[in-house]
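# Report on the structure
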There are 4 protein chains.
Amino acid sequence: KDIQSQIDTRGISLNRVGIKNIDWPLKVYDQTNGFQNTVANISLSVALNHDIKGTHMSRFVEVLNNIDILNPQIILSILSSIQTKLDAESSFFECKFPYFIWKESPVSKNISPLKIEAMILGEKNRDETEIIIGVVVPVQTLCPCSKAISSVGAHNQRANVKILVKTKKKIWFEHLAAIAEMSASSPVYSLLKREDEKYVTEAAYNTPKFVEDVARDAALLLEKEDGLKCYRVEVESHESIHNHEAFAWVEKALS
Amino acid sequence: KDIQSQIDTRGISLNRVGIKNIDWPLKVYDQTNGFQNTVANISLSVALNHDIKGTHMSRFVEVLNNIDILNPQIILSILSSIQTKLDAESSFFECKFPYFIWKESPVSKNISPLKIEAMILGEKNRDETEIIIGVVVPVQTLCPCSKAISSVGAHNQRANVKILVKTKKKIWFEHLAAIAEMSASSPVYSLLKREDEKYVTEAAYNTPKFVEDVARDAALLLEKEDGLKCYRVEVESHESIHNHEAFAWVEKALS
Amino acid sequence: KDIQSQIDTRGISLNRVGIKNIDWPLKVYDQTNGFQNTVANISLSVALNHDIKGTHMSRFVEVLNNIDILNPQIILSILSSIQTKLDAESSFFECKFPYFIWKESPVSKNISPLKIEAMILGEKNRDETEIIIGVVVPVQTLCPCSKAISSVGAHNQRANVKILVKTKKKIWFEHLAAIAEMSASSPVYSLLKREDEKYVTEAAYNTPKFVEDVARDAALLLEKEDGLKCYRVEVESHESIHNHEAFAWVEKALS
Amino acid sequence: KDIQSQIDTRGISLNRVGIKNIDWPLKVYDQTNGFQNTVANISLSVALNHDIKGTHMSRFVEVLNNIDILNPQIILSILSSIQTKLDAESSFFECKFPYFIWKESPVSKNISPLKIEAMILGEKNRDETEIIIGVVVPVQTLCPCSKAISSVGAHNQRANVKILVKTKKKIWFEHLAAIAEMSASSPVYSLLKREDEKYVTEAAYNTPKFVEDVARDAALLLEKEDGLKCYRVEVESHESIHNHEAFAWVEKALS
């Protein structure tokens, strides 16, 4: 009795059916070291035709079971395998994972890893494949208004910059993270000695940015990338003078 | 020095600028009791023209400051106030909050409150306003495949059904919650005595549903609603035999 | 067949058995307005003797079902009901909920609600009852080291101050929140106009505090409270120059 | 100006001062493969004497910066380094991380990784060091009461079993996970084919367990371990017929 393969008569196609929130150990490409090991949180799904009762969920896990490293070819192959194994027109792969960038502190030149979140979203509709890659990067923002009106100091805070891009070109997570950091008041670091802390404090004070500024400056940098036509930038700032977040986003031809 | 009102020359309009994750005490409409008190998590935002440097974030909070109860007129008035105060073409209001439905257990008829999550999303573009309301309802699903292949028992688990609808008609959260519950293997309850637990266990066993079934059955019920043309149903099941979720969603003309 | 009441022969007493993460609409005492409505996240439990197989979990929910407002007498009554209904030597009640304090901004005197988290923990062992009350309050901290070494500015950020106290005296959440705020570089507010933002920025700059300072200053204020012998202060700061938190805690005779 | 090293006159010692929620790429020991790569969430702290104003937080990160693999010697060395670098009587190390166990499905013998959470907590007071290791393991529980009173079926659900042990002996995460799984109605798996799903469904139905049973059975197994005198078992079950959790815990000489 294969319940899932029975005919369904309700006449309702489903946009997506699959599994989500499955964690998996993987290697991902790393600009400096070739690859790095991480633990990815993954979703796999398909579109389901109106006349089929259900999906064989275990086949998604079988597809994962053969994967060691994520790279563009592997993602194409995952999407095709799912399409074939589940006899579906469209297949979807989404994953996000902690990714480490070894950063040098600005003055003492101490190197330590900074965790960002990285993500890869793939979709195959018949023969058409699209891949979106993205990062969420912690940065510092310092409020231009607070600086302008105050005789001393200016409120500042940690903020997150999320950048998503759709492109056929290879783009490193490190490159997107650099765009996020260049658009903020200052990057953040895991390890800062006194001379670094002085540098970062003054740099942020001298580069005040609203969330609106960070979003626009990141968008400007993305506009200058060759072959990049579709992107989204989201900035969310954990305001240090409030108990809520300020946010801004801009999107171009992505969804 | 009004930094925010300065001219911006970067030429980049922002889709949204605003505040998010601000909690606020509110009353919301309740089908049985007129209204109930809750604590809402709110986001308010506007679209920002390319030539303006920033938004005056404090004005969003001023708009909230005058609100006691959420109802359709109030939401329209919030959206208009924001548009006017921030001189914006488009304004956005999003909120979600715990909402309680007093449910009677199936046999002993004990009444206890069940928490669902409710949400209201409003958007005004020039003179055009759209409101989406939604619920996330905990239910039980029991696997048809597990039941069919096993000599005894069947794996079952808690699942969430999210329903979003766009409509001009008034729809109660209770009504959407009932659609979610009718589509599942069984509703869940805060208080069940022995006779109720027997009833719920057997009812679920006799009504096996995949996440696909729940999504389709809820969609069928929504299709029968007068004046309801746009909806989305998402089902997510915390599989009791796995450490991951199964999910399905179907959307019609919503986004 | 009452499975739960069967004799257990494994010889293992359980410290706690009960329910947790049940949300419930409640009123709580409010210093200004008499009471306020909130939604509490609750846990109820008992110690289980080695010779009883299980607890009747539905009885916990029955106890909740009769509650409208939380106050000291009600909590004692909950603890006694649980003890009796479940025939247990020890009973436990824990709840936390969003709580709003209407705060006046420092210069423009605008009033808006600030959400804090409040909690009540009760425990009854035979005839002995103890109640701990607590708050988690968002504040701003500004780094003394960053200020001292930098020619301009100083990094600052949102931080949380958690205060727990055990006392027979009545203590308002508002009073504990005020202790948290007085110990920080500045309080935070939901609504700040320009003149308020200038005030808060400068006040924080002029009151630099490490997490260590906030913990100690809050402890000093608690030491001055009559009849207060047992407390705990935890401070956690979302460092704006790092992607991690700094923290400090001090405890006296609480656990 | 070394602010942190100044004399403090408030007379209040702090139980803990440090950093938390810093993510770090690490190797951890693995019973089958020697080691596995993971991403750990770490906290490092010290006790702070009453007469010192503050801790040098960057030194914690410097200690982490030299670590590649976690093992007992490395943890001792971390604790000693912190003690020395920060001139503290007591030092603390806490980390938790996703850990994968390659499990064979019960009938088809397919192998796939199951994510558990693992943790290591270390503490050094002068010359005395203690290490606690722990796991949080997803399992399935099936309700004995529901089975006994219902003519068909029984509600079941995913549950988490947390086990912490303090010991001088080496204990594998795999061993603690096995104790958690043996105490439940059934283990859970990432990949189950039809014949496996039948097996797991029937096995759970034939092994009904309350959270109380799981806690006691795990405690019994821990009691049989040589040289293990201190442990804690926590069980939390995501009841499929409710929107809340049932829980039980038992502790012996751990805290």
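Scroll up to find the structure this text is about.
The text that follows walks through the structure, step by step, so that each part is easy to find.

Rules of the game
- Throughout this document, residue positions are counted from 1 along each chain, in the order its sequence is written.
- As a convention, the first chain written is A and the first ligand written is 1, with the rest following in written order.
- Two thresholds apply to this predicted model, a pLDDT of at least 70 for residue-level local features and 80 or more for giving and counting side-chain atom pairs, whereas whole-chain, interface and lining totals are computed over all residues.
- Note that the side-chain values use all heavy atoms of the structure and ignore hydrogens as well as water.
- Helix and strand assignments come from DSSP, with helices taken as H or I runs of at least 4 residues and strands as E runs of at least 2, each series counted from the N terminus.
- Summary of the burial criterion: residues with accessible area below 20% of their type's maximum are buried, those above 50% are exposed, and those between are partly exposed, where the area comes from a 1.4 Å probe applied to protein chains only.
- In what follows, residue pairs with any heavy atoms lying within 4.5 Å of each other are defined as contacts.
- Here, Shrake-Rupley sampling with a 1.4 Å probe gives the accessible areas, and only protein chains in the shown set may cover a residue.
- Charge convention: Lys and Arg are scored as positive, Asp and Glu as negative, and His as well as the terminal groups of each chain are ignored.
- The atom standing in for a charge is NZ when the residue is Lys, CZ when it is Arg, CG when it is Asp and CD when it is Glu.
- By buried area we mean how much accessible surface two parts lose on assembly, using a 1.4 Å probe and totalling the loss over both.
- Any carboxyl oxygen of Asp or Glu within 4 Å of a side-chain nitrogen of Lys or Arg constitutes a salt bridge here.
- Between N or O atoms, a polar contact is any pair within 3.5 Å; within protein, one atom must be a potential hydrogen donor and the other a potential acceptor, and residues adjacent in sequence are included only when both atoms are from side chains.
- Each residue gets one of three labels, nonpolar for Ala, Val, Leu, Ile, Met, Phe, Trp, Tyr, Cys and Pro, charged for Asp, Glu, Lys and Arg, and polar for the others, Gly among them.
- To superpose the copies, least squares is applied to the C-alpha atoms of every residue with a pLDDT of at least 70 in both.
- In what follows, a disulfide is any cysteine sulfur pair within 2.5 Å.
- Interaxial angle, 0 to 180 degrees, is taken between N-to-C directions of lines fitted to C-alpha atoms, where a helix line uses only the stretch in contact.
- Angle categories are assigned with fixed cut-offs, so that under 35 degrees is roughly parallel, over 145 is roughly antiparallel, 65 to 115 is roughly perpendicular, and the rest are oblique.
- The hand of a helix crossing depends on one turn: near helix anticlockwise from the far one by less than a right angle means left-handed, and clockwise means right-handed.
- Here a strand pair is declared whenever DSSP counts at least two bridges between the two strands.

Next up on the list: the overall build of chain A. Tallying secondary structure elements over chain A gives six helices and 10 strands in all. Dimensions of chain A, computed from the C-alpha atoms along their principal axes, are close to 75 × 35 × 35 Å. Counting every position in chain A, which comprises 255 residues, the buried fraction comes to 63%. Sequence separation of at least 24 residues holds for 63% of the intrachain contacts in chain A that already meet a minimum separation of 6. Surface accessibility of chain A: about 9500 Å² in total, with carbon and sulfur atoms responsible for 48%. A gap of 1 Å separates the mean positions of the 30 positive and 33 negative side-chain charges of chain A.

Okay, the interface of chain A and chain C next. Counting residues at the interface gives 37 residues for chain A and 37 residues for chain C. Of the roughly 3100 Å² buried between chain A and chain C on both sides combined, carbon and sulfur atoms contribute 52%. At the surface where chain A touches chain C, the tally comes to two salt bridges. Between A:Glu245 and C:Arg158 there is a salt bridge, with its nearest N and O atoms 2.8 Å apart. Where chain A meets chain C, there are 29 residue pairs in polar contact (both at pLDDT 80 or more). Of all elements in the fold, only strand S5 (111-125), strand S6 (128-142), helix H3 (144-149), strand S7 (156-166) and helix H5 (194-205) of chain A reach the threshold of two or more residues within the side of chain A that touches chain C. Sort the elements by how many residues they give to the side of chain A that touches chain C and H5(A) lands first, with seven residues. A class-by-class count of the residues in the side of chain A that touches chain C yields 13 nonpolar, 16 polar and eight charged.

Turning chain A through 180° and shifting it by 0.0 Å along the axis lays it on chain B, with an RMSD of 0.0 Å. Taken together, the rotation angle and the small translation identify this as a two-fold axis. Scanning chain A for the C-alpha nearest the rotation axis identifies A:Ser255, at a separation of 5.4 Å. Of the residues that chain A buries at the interface, 100% are likewise interface residues in chain B, meaning the two copies contact each other through the same surface.

What follows is about the interface of chain A and chain B. Opposite the 50 residues of chain A that make contact, chain B presents 50 residues. Summed over both sides, the interface between chain A and chain B buries roughly 4200 Å², with carbon and sulfur atoms accounting for 58% of that surface. Three residues, A:Arg10, A:Arg216 and A:Phe247, lead the burial of chain A against chain B; their summed loss comes to 19% of the area buried on that side. Where chain A meets chain B, there are 10 salt bridges.

The next point concerns the relation of the copies chain A and chain C. Laying chain A over chain C is done by rotating through 180° and shifting 0.0 Å along the axis; what remains is an RMSD of 0.0 Å. The fraction of interface residues of chain A whose copies in chain C are also interface residues reaches 100%, indicating that both copies meet through the same surface.

Below, the discussion takes up the state of the cysteines. All names here are of chain B. Applying the stated criterion to the full structure yields zero disulfides over all chains. Of all cysteine sulfurs in the structure, the one in Cys230 sits closest to Cys95, which takes part in no disulfide; the separation is 20 Å. Cys95 gets classed as buried once you look at its relative accessible area, which sits at 3%. Of the cysteine sulfurs around Cys143, a residue in no disulfide, the closest is that of Cys145, at 5.1 Å. Overall, the relative accessible area of 9% leaves Cys143 in the buried class.

For any two helices packed against each other, one specifies the crossing angle of their axes together with the interaxial distance. Residue and element names in this part refer to chain C. Across the interface, helix H4 (residues 173-182) lies against helix H6 (residues 211-223) with an axial gap of 8 Å and an inter-helix angle of 140°. In terms of their interaxial angle, H4 and H6 are classed as oblique. As for the relative orientation of H4 and H6, their crossing is right-handed in sense. Along its contact with H4, which presents Leu176, Ile179 and Met182, the element H6 presents Ala218, Leu221 and Leu222. Tallied by class, the residues present in the contact of H4 with H6 amount to six nonpolar, no polar and no charged.

This next bit is on the pairing of strand S2 (residues 34-48) of chain C. Residue and element names in this part refer to chain C. In terms of residue burial, S2 counts as a mostly covered element, since 11 of its 15 residues are buried. A loop of three residues connects strand S1 (residues 14-30) with S2, the two strands running antiparallel in sequence. Both S2 and strand S4 (residues 90-104) contribute to a ladder of six bridges, which runs antiparallel. By the bridge assignment, Val46 is partnered in S4 with Ser91.

Moving on to the environment of A:Ser13. Residues and elements named next belong to chain A. Within the secondary structure, Ser13 is located in the segment before strand S1 (14-30). Classification of Ser13 by relative accessible area gives partly exposed; the value is 38%. C-alpha separation for the pair Ser13 and Thr167, spaced 154 residues apart in sequence, amounts to 29 Å. Within the structure, Ser13 has its side chain in polar contact with the backbone nitrogen of His50 (distance 3.2 Å).

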